[in-house]
Amino acid sequence: MPLYEHVFLARQDLSQSQVDALAAAATEIVEQGQGKVTKTETWGLKNLAYKIDRNRKAHFVLLNIDAS
């Protein structure tokens, strides 16, 4: 199966446990589609290059996905 990388951003006002719950939810969605998340990296709260919906920071999470 092909390998994919997916980075998603979570709002800055979420706690780390909420961000981890979002990553777990994304993993469940991939697994329901017959895929597999091989690695999850949390990069933490980082500055954005430009504002997105009036937010200057976001939590970054990387998922390495093995799926068709």
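Numbers given to residues run from 1 along each chain, matching the order in which its sequence is written. Selection of residues for local features in this predicted model requires a pLDDT of at least 70, selection of side-chain atom pairs for listing and counting requires 80 or more, and totals for whole chains, interfaces and linings are taken over all residues. Note: side-chain values were computed over all heavy atoms of the structure, leaving out hydrogens and water.

Caption draft 1: Structural context of a nonpolar patch on the surface. The grouping of Val 7, Leu 9, Trp 43, Tyr 50 and Ile 52 at the surface amounts to a nonpolar patch, some 490 Å² of accessible area in total. What counts as a helix is a DSSP run of H or I of at least four residues, what counts as a strand is a run of E of at least two, and both are numbered from the N terminus. Every element with two or more residues in the nonpolar patch is listed here: strand E1 (3-11) and strand E2 (36-52). The leading source of residues in the nonpolar patch is E2, at three residues. With respect to the element layout, Trp 43 can be found in strand E2. Two distance rules govern patches: like charges are joined within 9 Å, and nonpolar side chains (Val, Leu, Ile, Met, Phe, Trp, Tyr) within 5 Å, applied only to residues with over 30% relative accessible area and no salt bridge. We get accessible surface area from the Shrake-Rupley algorithm with a probe of 1.4 Å; when it comes to residues, only the shown protein chains can shield them. Salt bridges, as used here, are contacts in which a Lys or Arg side-chain nitrogen is within 4 Å of a carboxyl oxygen on Asp or Glu.

Caption draft 2: Structural view of the packing of aromatic side chains. In this scheme Phe, Tyr and Trp rings, the latter by its six-membered ring, pair at centre separations within 6.5 Å, and the angle between planes marks the pair as stacked below 30 degrees, edge-to-face above 60, and tilted otherwise. On inspection of all chains with the given rule, the structure shows one aromatic pair. Judged by centre distance (6.5 Å) and plane angle (20 degrees), the ring pair of Trp 43 and Phe 60 falls under stacked. Here Trp 43 is found in strand E2, whereas its partner Phe 60 is found in strand E3 (residues 55-66), with 17 residues between them in sequence.

Caption draft 3: Up close: the pattern of salt bridges. Enumeration over the complete set of coordinates arrives at two salt bridges. As a salt-bridge pair, Asp 13 and Arg 11 come within 3.2 Å of each other at their nearest N and O atoms. Remark: exposure states derive from per-residue accessible area (1.4 Å probe, protein chains only) relative to the maximum for the residue type, with buried under 20%, exposed over 50%, and partly exposed in between. Assessed through its relative accessible area of 48%, Arg 11 is described here as partly exposed.

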